[in-house]
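Structure at a glance
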Amino acid sequence: MLENNNNSEKKNRRDFLTVATTAVGAVGVGAAVWPIVNQMSPDASVKALASIEVDLSKIKEGQEITVLWRGKPVFVKRRTKEEILNAEKVDLKELKDPQPDNKRVKKSEWLVLVGVCTHLGCVPISGKGEYAGGWFCPCHGSHYDSSGRIRKGPAPANLEVPNYEFVGDNKIKLG
Amino acid sequence: MSDKNLENTSAEYKPVHTNKVGGSPFKGVVGWIDNRLPIFRMFKYEYLDFQVPKNLSYLWSLGGILMICLIFLIVTGLVLGMHYKPSSSEAFESVEKIMRDVNFGWLIRYMHMNFASFFFIAVYIHIFRGLYYGSYKEPRQLMWLIGIVIFFLMMATAFLGYTLPWGQMSYWGATVITNLFSAVPFVGESIVTWLWGDYAVGDATLNRFYVLHWLIAFGILGIVIFHVIALHIVGSNNPSGIEPKDTRDTVSFAPFTTSKDLFAMLIFLFAFVIITMYAPNYLGHPDNYIPADPLVTPAHIVPEWYFLPFYAILRSIPDKLMGVIAMVSSIAILGLLPWLDLSKIRSSVFRPIWKQFVFLFVLDFFILMYVGGMPAEGIYLLIGRVGTAYWFLFFLIIAPLVSLIEKPLPMPNSIHEFEQWKKQGKIKTFKLF
């Protein structure tokens, strides 16, 4: 039999041990689980292929090329004057994801986009859809305009503009 | 002295047995094993002596048929796995090698492909059976819920498996479905990158999908065991929806139900063999024989036929996040049915109004399936929206409302009386064949 005055001391000790054991155990489980979760993220070799250069000199006005960057298609389009004009004159209030054209390009002639529909990741088709010089996604019917902005359909956002910079007049570096 | 102490205190303790050896109804070697590992008596009690309602129709054979499908899928999958290579540069070729070079590879792969489809055919009939005869009601709610979990896992496994041949539909199907997770606010994009192990569906994705395809397949097997254990506790429902009362209402599972099930399996496997031998690719999509190309999306992406109704629901909602939520809830909502349908009567045979809505629900399923395979525009979009609306109305409004206002038909007191009424033409029942 325990004596009464010992009881509360024993109880405090026991509570402390319970809390301490649980805390150390939780940290231990977390430390054991994290590598198992994190191994699924892109590995070093994938991250190493992060940037590429694209030569623009052969692209004529109105033409578009597709390059593969990080496993995704990137559209590089040399827009016509009409397409630029159409993209610039749009009233931002009409847009689902409002963004002026000049925020989406570095030189208004060149439009660089990740060619992945922001809905569920299909590759939109160039020159199709209801907006001249734009894109149409065949999977679920999203229409993008000549600035790659979402105009109609289920996609929530504009086509992403990747990080890129001009490294000379006729060359860009992606990533 | 110590002996005396023991004697005095032993009255305070209860006897204890840390083993339960014994109790087998069998003799000899079988009895010796059964005394130590009660598998033989379990089989005897749960299958040979097991009593089931005597009026089970062929719709009650689907459970056994599903079990056969699962076993065949695991066996054919196991041998396919001995030849398949889960890498983005080799997967497509290794599947072609299976089709052309491996002994009977074509047969094994076509069986695996078509058993997946037939698994879904059987599960849809199985779910319909539960819906029509109220098998989700007290006391079978948990079985119903376990069944929905199995259905979700089946869909996951089927999706992962469809990715493996690494054809165009594999690749773009995987892209579209994994992108569903990008609808999650804030962390969506990170989740998708984590799932892929890359910035697009790629080699890392394929490799892990292969492993998960196996894992979840065996997960299904495990949960199916729970489903069956629960069945043996709550017992089978039957077309009358009335619980058996005495031996006039039941038969032994073996040989009566087993022979009926075997006949149903024969018919089912006959249909399976016809499709597998004469039209093995009928239920698939020809584009999946084009190797995956991350730069070109097929003009018209369609999932496998068994996903079409839910795909139609996804596409009928113009908002990305809401579309994904609607698609997931269209299946999860089945789990609420036991608490939304307030009627105590199980069988639709006695529920003239509810019965009409159930048939309309089946029609809705097929309409959505049709719409899911069509382009998401114009009239198809409209039909898809009406179909989606009915799908949710059926559960959320119609089920509780009908159960409150409906006047059920007069009911017999027992299963044997139900059978008598049927013979007298007082009851019209639904017959599969």
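Residues numbered from 1 in each chain as written. Chains lettered and ligands numbered in written order. Predicted model: local features only at pLDDT ≥ 70, side-chain atom pairs only at ≥ 80, totals over all residues. Heavy atoms only, no water.

1. Quick notes on the overall build of chain B
The helix and strand tally for chain B stands at 17 helices and two strands. Taking the principal axes of its C-alpha atoms as reference, chain B extends roughly 85 × 65 × 50 Å. Looking at chain B as a whole, 49% of its 433 residues are labelled buried. Taking the intrachain contacts of chain B between residues at least 6 apart in sequence as the baseline, contacts between residues at least 24 apart amount to 78%. Working note: accessible area of chain B is about 22,000 Å², and carbon and sulfur atoms make up 71% of it. (Helix = DSSP H or I, 4+ residues; strand = E, 2+ residues; numbered from the N terminus. Buried < 20%, exposed > 50% of the residue type's maximum accessible area, 1.4 Å probe, protein only. Contact = heavy atoms within 4.5 Å. Areas by Shrake-Rupley, 256 points an atom, 1.4 Å probe, with all protein chains shown as cover.)

2. As for the nonpolar core
Counting residues in each nonpolar core, the largest one holds 126 residues, and the members touching the most others are B:Phe120, B:Tyr124, B:Phe151, B:Trp391 and B:Phe395. For this core, the element with the most residues is helix α6 (residues 105-132) of chain B, which contributes 14 residues. Setting aside its immediate chain neighbours within four residues, B:Trp391 contacts B:Phe310, B:Ile313, B:Ser330, B:Ile333, B:Phe361, B:Asp364, B:Phe365 and B:Leu368. A:Val67, A:Trp69, A:Val112 and A:Val116 belong to the second-largest nonpolar core, a separate cluster that totals 14 residues. (Core = buried A, V, L, I, M, F, W, Y, C linked by side-chain atoms within 4.5 Å.)

3. Digging into the confidence of the model for chain A
Confidence in the prediction of chain A, expressed as mean pLDDT, is 88, and 97% of residues score 70 or more. For chain A, the element scoring lowest by mean pLDDT is helix α2 (residues 44-48) of chain A, at 81; strand β4 (residues 110-114) of chain A scores highest, at 94. (pLDDT = per-residue confidence, 0-100.)

4. What about a nonpolar patch on the surface?
Residue and element names in this part refer to chain B. Together, Val29, Val30, Trp32, Ile33, Leu37, Ile39 and Phe40 make up a nonpolar patch on the protein surface, roughly 630 Å² of accessible area in all. Sort the elements by how many residues they give to the nonpolar patch and helix α2 (residues 28-36) lands first, with four residues. Assignment of secondary structure puts Ile39 in helix α3 (residues 39-48). (Patch = residues over 30% accessible without salt bridge, like charges linked within 9 Å, V, L, I, M, F, W, Y side chains within 5 Å. Salt bridge = Lys/Arg side-chain N within 4 Å of Asp/Glu carboxyl O.)

5. Focus on the pattern of salt bridges
Residues and elements named next belong to chain A. Scanning the entire structure with this criterion turns up 18 salt bridges over all chains. Measuring nitrogen to oxygen at the nearest pair gives 3.6 Å for the salt bridge that ties Glu83 to Lys77. Overall, Glu83 belongs to the buried group, its relative accessible area being 13%. Relative accessible area serves as the criterion here: at 4%, Lys77 is assigned to the buried category. Three or more residues joined by partner-sharing salt bridges are found here, namely Glu94, Asp145, Arg149 and Arg151.

6. Remarks on the layout of surface pockets
Residues and elements named next belong to chain B. Roughly 1,400 Å³ of internal volume is contained in the largest pocket. Together, 50 residues line the largest pocket, and Gly63, Gly64, His227, Val228 and Leu231 are the ones closest to its centre. For the lining of the largest pocket, the elements supplying multiple residues, two or more each, are α3, α4 (62-81), α6, α7 (141-163), α10 (203-234) and α11 (253-278). The element that contributes the greatest number of residues to the lining of the largest pocket is α10, accounting for eight residues. Counted as a void, the second largest pocket has a volume near 880 Å³. Along the wall of the second largest pocket there are 33 residues; nearest its centre are Ala156, Phe159, Ile177, Leu180 and Phe181. For the lining of the second largest pocket, the secondary-structure elements that each account for two or more residues are α7, α8 (168-179), α10, α12 (308-316) and α13 (320-332). Broken down by class, the residue content of the lining of the second largest pocket amounts to 28 nonpolar, four polar and one charged. (1 Å grid on protein atoms, 1.4 Å probe; cavity = no way out; pocket = protein on both sides within 12 Å on 5 of 7 lines; lining within 4 Å. Points joined across faces, edges and corners; volume = space filled by probe spheres on them. Nonpolar A, V, L, I, M, F, W, Y, C, P; charged D, E, K, R; others polar.)

7. Focus on empty space enclosed by the protein
The method is simple in principle: a probe with the dimensions of a water molecule rolls over the atoms, and the space it marks as empty is what remains. Residues and elements named next belong to chain B. Summed over all chains, the structure comprises three cavities of 30 Å³ or more. Of the pockets and cavities examined, the largest cavity occupies roughly 760 Å³. If you go around the largest cavity, you meet 39 residues; those closest to its centre are His112, Met113, Gly161, Tyr162 and His213. Counting residues per element, the ones that place at least two in the lining of the largest cavity are α4, α5 (91-100), α6, α7 and α10.

8. Thoughts on the state of the cysteines
Residue and element names in this part refer to chain A. Counted according to the given criterion, the structure contains one disulfide over all chains. Two residues share a disulfide in this structure: Cys122 and Cys139, whose sulfurs sit 2.0 Å from each other. Its S-S torsion of approximately -105° makes the covalent link between Cys122 and Cys139 left-handed. Taken together, the residues span a long stretch of sequence, with Cys122 in the loop between β4 and β5 (125-126) and Cys139 in the loop between β6 (135-137) and β7 (142-144) at a distance of 17 residues. On the basis of relative accessible area, Cys139 is assigned to the buried category, the value being 2%. (Disulfide = S-S within 2.5 Å.)

9. Some points on the sheet that holds strand β1 (residues 52-55) of chain A
Residue and element names in this part refer to chain A. The strand order β1-β10-β9 describes an open sheet built from three strands, whose pairing is antiparallel. Since the sheet does not close on itself, it has two edges, and those belong to β1 and β9 (164-166), each with one partner. Going across the sheet, the axis of each strand differs from the next one's by a mean of 25°, ignoring polarity. Note: β9 against strand β10 (residues 171-174), three bridges, orientation antiparallel. Each residue of the ladder has a partner; that of Glu165, found in β10, is Lys173. (Pairing = 2+ DSSP bridges. Axes fitted to C-alpha atoms, helices over the stretch in contact; angles between N-to-C directions.)

10. Focus on the interface of chain A and chain B
Interfaces are often sized by the amount of accessible area the parts lose when they come together. In this assembly, 27 residues from chain A lie in contact with 26 residues from chain B. Between chain A and chain B the total buried area reaches about 2,300 Å² when both faces are included, carbon and sulfur atoms providing 65% of it. On the chain A side of the interface with chain B, the three residues burying the most area are A:Met40, A:Leu120 and A:His140, jointly 27% of the side's total. Inspection of the region where chain A meets chain B yields zero salt bridges. Seen at the junction of chain A and chain B, the total is eight residue pairs in polar contact (both at pLDDT 80 or more). (Buried area = accessible area lost by both parts, 1.4 Å probe. Polar contact = N/O pair within 3.5 Å; in protein donor to acceptor, adjacent residues only side chain to side chain.)

11. Quick notes on the environment of B:Val324
By secondary structure assignment, the location of B:Val324 is in helix α13. Not counting residues within four places of it along the chain, the set of residues in contact with B:Val324 comprises B:Leu180, B:Ala183 and B:Leu314.

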